[in-house]
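Here are the chains, one letter per residue:
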Amino acid sequence: MVLDSTYKSFQDDLARAGLLIPTGVPGVYGRGAIFEHIAECFDAYVTRTGAHLNPEVMRFPPIFNRDHYEEIDHIRNFPDLMGSVHTFIGDNAKHQQMLEIFERNEDWTRSLSKSAVMLCPAVCYPLYPTASGTILPTQGRCIDLMGFVFRHEPSDDPCRMQSFRQHEYVRLGTAEQALEHRDYWLKRGKEMLESVGLAVTAVVANDPFFGRGGRVMRATQREQDLKFELIVAVSSAEKPTAVVSSNCHLDHFGDTFNIKTSDGKPAHSACVGFGLERVTLALLKTHGFDPQLWSREVRDVLCMH
């Protein structure tokens, strides 16, 4: 397909320039020094932009409590994206059996057992269990989160990585506070991307819900305008990439984890997520592979000195 060759061509260009380092697994890359510098500069820009909100700052590891994972709907809605961590917990005899299977080039992973963790599919997921059973202050809570997440989406499109970073701002509060947060960041996020020279479009979107019920959930999400994305032409002009998403969850997490507003109602939540790798790729595609040759305006916004 033409689109596949376009993705592969962009991937090859990035690899030759040392920006991305292929690992032999589709969608899994190392990052070169220039790529990391750009990502770090944009990440710092996100931090500066949200500083006036005086957010709580939290950083979670890229693994997620399995019990908490089972309390959310990810296993029902996105089973194709999940990653479960399994490990060896046997004795010497079991280890020998596993080695024998390994030496026969058979599936040695059947000797593993599930661990207490899953790979984290969204950087905000570990937050909600920490607020379980709490009553929010009148003004709600705003939290700054950043970290690696995993989604099993192997692809030649450099923008569709299996492991990537999200920088999010989450608001827990009333329905009005959550919606205000979503709308504020939709507008502010667009301004941020435009300030670094990216041609951005805001679109109503939906999550890739799985299964028979997924079609209804996708339609409902769109009908209620719960999710918006900011898209930029990166790997393909015909199929722009979502580099920022802004999402209202209604009271889903508040109800699931018994998080209450000050008036005793289930808390609503909303988040904005900046895909740091995707924004970095958009900047490289738009301005070229050498940041030293980017315009002074873009470099100043990103504090690239």
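Structure's up top.
Everything quoted here is computed from the prediction, not taken from an experiment.

**Student:** Give a detailed account of the overall build of the protein chain, specifying residues and quantitative values.
**Tutor:** Per the secondary structure count, the protein chain includes 11 helices and 12 strands. Taking 2.2 N^0.38 as the reference for a compact globule, 305 residues should give roughly 19 Å; the C-alpha atoms of the protein chain span a radius of gyration of 21 Å, in line with that estimate. Taking the principal axes of the C-alpha coordinates as reference, the protein chain spans close to 60 × 55 × 40 Å. Among the 305 residues that make up the protein chain, the fraction classed as buried is 45%. Restricting the contact set of the protein chain to residue pairs at least 6 apart, pairs at least 24 apart contribute 70%. Accessible area of the protein chain: about 15100 Å², with a carbon and sulfur share of 54%. Mean positive and mean negative side-chain charge positions of the protein chain (32 and 39 charges, respectively) differ by 1 Å.

**Student:** Any details on the pattern of salt bridges? Residues and values, ideally.
**Tutor:** Applying the stated rule across the entire model yields 16 salt bridges. The salt bridge involving R110 is made with E106; its shortest N-O contact spans 3.8 Å. By relative accessible area, which is 36% here, E106 ends up partly exposed. Across the pair E191 and R188 runs a salt bridge, and its minimum N-O distance is 3.3 Å. Linking E191 with R188, this pair stays in helix α7 (residues 175-195), spanning 3 residues, or about one helical turn.

**Student:** Give a detailed account of helix α5 (residues 92-103), specifying residues and quantitative values.
**Tutor:** Spanning 12 residues, α5 covers 16 Å between terminal C-alpha atoms, matching the ideal 16 Å at 1.5 Å per step. N-cap assignment for α5: the residue whose side-chain oxygen lies 3.2 Å from the backbone N of A93 is D91. Backbone geometry just after α5 places N105 at a positive phi near 60°.

**Student:** Give me the lowdown on the sheet that holds strand β6 (residues 113-119), citing residues and values where you can.
**Tutor:** By definition, the strands of a sheet pair up through backbone hydrogen bonds, in either a parallel or an antiparallel sense. The strand order β4-β6-β5 describes an open sheet built from 3 strands, whose pairing is antiparallel. In the strand order of this sheet, the two ends are held by β4 (63-65) and β5 (84-87), each with one partner. On average, each strand axis in the sheet is inclined to that of its neighbour by 50°, with strand direction left out of account.

**Student:** Can you break down a nonpolar patch on the surface residue by residue, with the values?
**Tutor:** On the surface, a cluster of nonpolar side chains totalling about 270 Å² of accessible area is made up of L99, F102 and W108. With respect to the helices, strands and loops of the structure, L99 is situated in helix α5. The partly exposed category is assigned to L99, whose relative accessible area is 32%.

Each value, and the rule that gives it
- Residues numbered from 1 in each chain as written.
- Predicted model: local features only at pLDDT ≥ 70, side-chain atom pairs only at ≥ 80, totals over all residues.
- Heavy atoms only, no water.
- Helix = DSSP H or I, 4+ residues; strand = E, 2+ residues; numbered from the N terminus.
- Rg over C-alpha atoms; globule rule 2.2 N^0.38 Å.
- Buried < 20%, exposed > 50% of the residue type's maximum accessible area, 1.4 Å probe, protein only.
- Contact = heavy atoms within 4.5 Å.
- Areas by Shrake-Rupley, 256 points an atom, 1.4 Å probe, with all protein chains shown as cover.
- Lys, Arg positive; Asp, Glu negative; His and termini not counted.
- Charge placed at Lys NZ, Arg CZ, Asp CG, Glu CD.
- Salt bridge = Lys/Arg side-chain N within 4 Å of Asp/Glu carboxyl O.
- Expected span 1.5 Å × (residues − 1).
- Polar contact = N/O pair within 3.5 Å; in protein donor to acceptor, adjacent residues only side chain to side chain.
- Pairing = 2+ DSSP bridges.
- Axes fitted to C-alpha atoms, helices over the stretch in contact; angles between N-to-C directions.
- Patch = residues over 30% accessible without salt bridge, like charges linked within 9 Å, V, L, I, M, F, W, Y side chains within 5 Å.

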